[in-house]
Every structure is written in structure tokens, then in C-alpha cells.
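Here is what each chain is made of, one letter per residue.
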Amino acid sequence: MPIQEAQFIWRNGKMVPWAEATTHVLTHGLHYGSGVFEGMRAYNTKHKGVVVFRNREHIERLMFSSRVYKINIGYSVDELMQVCRDVVRENGLDSAYIRPIAFLGYGEMGPASQACDTDLVIAAFPWGAYLGEEGLKNGIDVAVSSWRRSAPGTIPAGVKAAGNYLSSRLVSMEAKDRGFAEGIGLSHDGLVSEGAGENLFIAIKGRLITPPAGASILTGITRDTVMTLARKLGYEVVEQAIPREMLYAADEMFLTGTAAEVTPVRSVDRLAVGSGERPITRQIQDAFFGLFTGETEDEWGWLDPVD
Ligand code: PMP
């Protein structure tokens, strides 16, 4: 899906016209993947106007990612949360995907350079359902990838860095080339990890199971949202190693992510998931989207109004 342009992008302290937010071809981040970023959404809610969803948690994760790779941000969490609100409002967007990115800029070559300035950018633009409206409603077909996720002690999967997405690209491209909507990565030891850009949940006998942080996953903010909502609904949720065959035993399966929201999976490796009835997934989708209609009370302060 082509990017739908907005008017302004915030860059290093000011709003610049969309077309002027360019960078040099010798920028460090382009050559070595030395960028950390976030994917966030703004929703047009019925009761609180336009809100950034879990603004603080996303910016805190950006700070954590930047710390690992020593990419100096130079702004506080509160300042960047304000920029996220501003960039949505000043572009006149009522729902948006927000993409903050901090990358090492032009200045010096070599992966260990600590002499490159940080380029800090926050963009916002309209973006619909990542895995499709149809997928949100009826579920998607996924396949386990032949590519493994990065092993612990290699490139950290729990850090949201640009370079990690080469793994996502391989997993997702392979799935799409084979006619699936998305690919599921296994960790180095063959256990289930996550989707190319989503966390994975299965339901078995009324219990929700998702792989733990040690399974080479990004511990998603939507994953946390779903775990919180599911527990509130009375479900037991466990973080547990999932062998591949457990996917084939699942009554229900869904993927979560800022882009994917809560997308049901209807088949994995061409095997239908459960009976096709998805009572738990539906309840969780309702609770999740209910946050934006006001039907689910936001007792956690997740909705951050832009005005
Ligand atoms: N895993 C990966 C690899 C991702 O890219 C994403 C999307 N950021 C997720 C999981 C889900 O994370 P979140 O819910 O925080 O968007």
C-alpha cells in the first residue's frame, strides 16, 4: 500500500514540509541499520476525540531501544509524547499511523561510530488495517516460515531497531510469495516466536497462550493490551513456550500489533484453526476496539487526547 502523504513531518525540533524531510545517501542508519523506531496509532474516538494510543509506552520503548544502540535522543519522554500529539493535530489527521524514528545520520562510516549526530523524526499519516479489513473480520491464512528469528545473544529481538526488520522482510516475503497473508517465525530452537510484525496468541480450552520474551519476540504493546483486557474478561493468560504442533491444536489463534491490531488467523500451514468459531478472539477484538468507542472503559489511561 503506497504511503498516503500528510503535510508536515517533525524533524529535529521543527515541523518541515513533507517533501523536505529527506536525508543524505551516506547516512549511517541507511548503511548499518542503526535506527530505532516506533509504530503507533492515533484513533478517532467517540468519547475523547482524537487520541494517541499508549503514547507513553511507545515512547518509553523508543528510549529503551535507543539506549541499547547508544543513539542519543536528546528529548524527554514527555517532550516526544507532545510531538506525537502535535504531528497528528497539525496534519489535521483524525486517525493515523505515527512513525517516530531516531537514526544515526551523516558524518562517519563504520558500524561502531559514535560521532554521527542523531536524526530524530516523527511522521504521521493515514493507514488502514495492515492485514486488511477482510482479515480483521474473517481471519487470515498464515504459514510458518523457513527462516528463523534472530537467536538470543545475536541481534536483540526485544529492541525495535531498523536492522531487525530484515528478518521480518524474509519471513513476510516468503509467506506472501507462497500465497499467505503473513509468516510466522520460529526461534533458533524451533519454538514459535512471532509473526513478521505481530505477536501471536493461541487459545486452547479457554486459556490464552503467547510465547515469552525469551522466544525472540518484540514484547508488543498490543500484546500487553490484549493480555490486560483478556485477564479483565476473566481469561487465564500464560506466557509459555509453544512448540510448532501446538499451533495445529489451537481452538483459536490471532496476531496482535499496532498495525495489525487484533487479527484472527483462520488457517496455519493450510490447516484450519479450530472449528472456525472464534468466541474468545471476538470478545477480545470487541474489548480492544471498544476502547475507541468508549464501550470498554479505559481504566489504564491508555488514550492520550491530542487536544
Ligand atoms: N513483533 C514485531 C516484530 C513487530 O514489528 C511488532 C510491531 N511493532 C510487534 C511484534 C507488535 O508490537 P506492538 O504491539 O508494540 O506494535
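This text gives an overview of the structure that appears in the document. (Residues numbered from 1 in each chain as written. Predicted model: local features only at pLDDT ≥ 70, side-chain atom pairs only at ≥ 80, totals over all residues. Heavy atoms only, no water.)

## Considerations on helix α3 (residues 77-90)
Alright, step 1. With 14 residues, α3 extends 20 Å from end C-alpha to end C-alpha; this agrees with the ideal 20 Å at 1.5 Å per step.
Alright, step 2. Taken together, the buried positions of α3 are Val77, Leu80, Met81, Val83, Cys84, Arg85, Asp86, Val87 and Val88. (Helix = DSSP H or I, 4+ residues; strand = E, 2+ residues; numbered from the N terminus. Expected span 1.5 Å × (residues − 1). Buried < 20%, exposed > 50% of the residue type's maximum accessible area, 1.4 Å probe, protein only.)

## Here we look at the site of the ligand
Alright, step 1. Taken together, 16 residues lie around the ligand, and Lys160, Tyr165, Ile221, Thr222 and Thr258 are the ones closest in.
Alright, step 2. At a separation of 2.5 Å, an oxygen atom of the ligand approaches a polar side-chain atom of tyrosine 165.
Alright, step 3. Considering the ligand on its own, with 390 Å² of exposed area, one finds that the protein chains cover 95% of that surface.
Alright, step 4. Put simply, the parts of the chain that give the shell around the ligand at least two residues each are α6 (221-232) and β14 (252-257).
Alright, step 5. Classifying every residue of the shell around the ligand gives 4 nonpolar, 7 polar and 5 charged. (Near = heavy atom within 4 Å. Polar contact = N/O pair within 3.5 Å; in protein donor to acceptor, adjacent residues only side chain to side chain. Areas by Shrake-Rupley, 256 points an atom, 1.4 Å probe, with all protein chains shown as cover. Nonpolar A, V, L, I, M, F, W, Y, C, P; charged D, E, K, R; others polar.)

## As for the pairing of β14
Alright, step 1. Counted residue by residue, β14 has 6 buried out of 6 residues, so it is predominantly covered.
Alright, step 2. Where strand β11 (residues 199-204) meets β14, 5 bridges bridge the pair, whose relative direction is antiparallel. Within β14, the residue paired with asparagine 199 across the bridge is threonine 256.
Alright, step 3. Where β14 lies against strand β15 (residues 261-268), 4 bridges are found, and the strand directions are antiparallel. Bridging from a neighbouring strand, leucine 255 pairs with threonine 263 of β15.
Alright, step 4. Between β14 and β15, which pair antiparallel in sequence order, lie 3 residues. (Pairing = 2+ DSSP bridges.)

## A closer look at a nonpolar patch on the surface
Alright, step 1. A contiguous nonpolar patch, built from Val25, Leu26, Leu30, Tyr32, Tyr106 and Met109 and spanning about 620 Å² of accessible area, is present on the exposed surface.
Alright, step 2. Structurally, leucine 30 can be placed in helix α1 (residues 28-32). (Patch = residues over 30% accessible without salt bridge, like charges linked within 9 Å, V, L, I, M, F, W, Y side chains within 5 Å. Salt bridge = Lys/Arg side-chain N within 4 Å of Asp/Glu carboxyl O.)

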